[in-house]
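# A structural walkthrough
Residue strings, one per chain:
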Amino acid sequence: MSELVGSVRQTPPKKRRPKALERLFQRKSTIAFLMAMPLILVIFGLVAYPAAYAVYLSMLNKGMDHFVGFDNFVFLFGRDTFWMVVRQSVVFAVTAVIFKSIIGFVVAHLVHNIPAKGQRKWRGMLLIPWVIPPAMSTLAWLWLFDPSYSAFNWILAEFGVAPVPWTGNTDWARFSVILVNIWVGAPFFMIMYLAALKSVPEQLFEAASIDGANWWQRIWYITLPMMRNIISITVLFSLIVTFANFDIVRVLTSGGPLDGTHVFATWAFERGIISGDIPLGATISLFMVPILGIAAIFILRDINKRGNEA
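Here the structure is a predicted model, which means the values were calculated and not measured. (Residues numbered from 1 in each chain as written. Predicted model: local features only at pLDDT ≥ 70, side-chain atom pairs only at ≥ 80, totals over all residues. Heavy atoms only, no water.)

Attention shifts here to the overall build of the protein. Scanning the protein from N- to C-terminus turns up 16 helices and zero strands. Burial analysis of the protein (310 residues in total) assigns 35% to the buried set. Considering only residue pairs separated by 6 or more positions, the protein has 69% of its internal contacts joining residues 24 or more positions apart. Taken as a whole, the protein presents about 19700 Å² of accessible surface, with 69% of it coming from carbon and sulfur. (Helix = DSSP H or I, 4+ residues; strand = E, 2+ residues; numbered from the N terminus. Buried < 20%, exposed > 50% of the residue type's maximum accessible area, 1.4 Å probe, protein only. Contact = heavy atoms within 4.5 Å. Areas by Shrake-Rupley, 256 points an atom, 1.4 Å probe, with all protein chains shown as cover.)

Here's what the structure looks like:
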């Protein structure tokens, strides 16, 4: 009997299982969510609420006192100007991003091959166009394109070339806004690609050189595969920013001549603020969402696919 009592006394007490709430707060995912909650609230206040309010505005009439449903969307679908703005926005964004990506890739390689002591100086100088506020730098370009005192036309005149109506002709105006956007955005691609190049192991290039690979083969089979994710993310980010660009077009051409350079942002401003039709301006701005959403889905899906393969 005494032995039985002793064995009972020596049995360790069972541990009390934590309650469901305690287990919930012990999870790392819950702690991470709580720490990110302030940022989530800020994003909701600055992004989600304005987006929802824009949807609400797009379903009102010009006087904002009657609900009209999708009448504003139907009205835009029937206007030739709307489809012209769609084409111009796509051409503007795609063309600018392609050239920014190519120029950034080339310049990043040139800077990467500079000795380490001189790279900091070149990186700082090449980043100036991207650091300066676009509206301020576009004012300088506006002087370069001025029809009476254009510095470009003065140079062309020295070679006997007729002056170019940079912002007075539709085709030249489109070229001008794309050129300025490339000048502003190319340094961002350069610095992103340069950071990606720093992460590529030098041993891969040395091994390829030993195997007899030339510079193009090293770029195609080593550099590009190692940088594909960075390239995709940079292109996606720049595509969103370029597609929604406002300041360059607004300062340089104000959408003219004859609405020939309007993009979604400037045309929405023109219709919503200048003309006083806020619901129609909100409707125009909402058309950027599905276009950018489709582009983001394809690019991010490709990134996830390559990540799973790795």
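Still more ground to cover, so stick around.
Counting residues in hydrophobic clusters, the biggest one holds 34 residues, and the most contacted among them are L76, F82, Y193, M227, F264 and I284. Secondary-structure elements contributing two or more residues to this core are α4 (71-77), α5 (80-112), α10 (170-198), α12 (215-243), α14 (264-274), α15 (278-286) and α16 (288-309). The element that contributes the greatest number of residues to this core is α5, accounting for eight residues. Aside from chain neighbours lying at most four places away, what touches L76 is F82, W267, L280, T283, I284 and F287. If you look at the next biggest cluster of nonpolar residues, it comprises 17 residues, including F92, V164, I182 and I248. (Core = buried A, V, L, I, M, F, W, Y, C linked by side-chain atoms within 4.5 Å.)

Attention now goes to unusual backbone geometry. The linkage connecting G256 with the following residue, P257, adopts the cis geometry, with an omega of -5 degrees. Within the secondary structure layout, P257 lies in the loop between α13 (247-252) and α14. Even without a glycine there, the phi angle at D259 is positive, about 60 degrees. Relative to the helices and strands, D259 is located in the loop between α13 and α14.

Here the structure, examined in full by the defined rule, presents two salt bridges. A salt bridge links R174 to D171, with the nearest nitrogen and oxygen atoms 3.8 Å apart. With R174 and D171 both in helix α10 and three residues apart, this pair spans about one turn of that helix. On the accessibility criterion, R174 (30% relative accessible area) is partly exposed. Owing to a relative accessible area of 52%, D171 belongs among the exposed residues under this scheme. Ionic pairing is found between R250 and E270, a salt bridge with its closest N-O pair at 3.6 Å. (Salt bridge = Lys/Arg side-chain N within 4 Å of Asp/Glu carboxyl O.)

Applying the stated criterion to the full structure yields 28 aromatic pairs. Relative to F73, the ring of F70 has its centre 5.8 Å away and its plane inclined at 55 degrees; by these criteria the two rings are tilted. F70 sits in the exposed class, given a relative accessible area of 56%. The class of F73 is buried, set by a relative accessible area of 16%. Measuring from ring centre to ring centre gives 5.6 Å for F145 and F152, while their planes differ by 55 degrees; the resulting arrangement is tilted. Judged by relative accessible area, F152 falls into the partly exposed class, the value being 25%. Ring pairing ties together the aromatic residues F70, F73, F77, F82, W83, F243, F264 and F287, which thus form one cluster. (Phe/Tyr/Trp six-rings, centres within 6.5 Å; stacked < 30°, edge-to-face > 60°.)

For helix α8 (residues 134-144), the full list of buried residues reads S137, T138, W141 and L144. Down the axis of α8, the buried set is contained in an arc of 105 degrees. They therefore lie on one face. Among the exposed residues of α8, those pointing more than 90 degrees away from its buried face are M136, L139 and W143. Packing partners of the buried residues in α8 comprise α9 (151-158), α10 and α13. (Arc of directions from axis to C-beta.)

Another aspect to go through is the side chain of H262. When you line up the elements, H262 lands in the loop between α13 and α14. Residue classification places H262 among the buried positions, given a relative accessible area of 1%. A polar contact is formed between the side chain of H262 and the side chain of T266, at a distance of 3.0 Å. Apart from the residues lying within four places of it in its own chain, the contact partners of H262 are V85, Q88, S254, G255, W267 and E270. (Polar contact = N/O pair within 3.5 Å; in protein donor to acceptor, adjacent residues only side chain to side chain.)

Below, the discussion takes up the environment of L110. Position of L110 among the secondary structure elements: in helix α5. Along the sequence, L110 and M190 sit 80 residues apart, while their C-alpha atoms lie 9.9 Å from each other.

A word on the environment of G168. Note on placement: G168 falls in the loop between α9 and α10. The exposure class assigned to G168 is exposed, which follows from its relative accessible area of 57%. Sequence-wise, G168 and P147 are 21 residues apart; in three dimensions their C-alpha atoms are separated by 7.9 Å.

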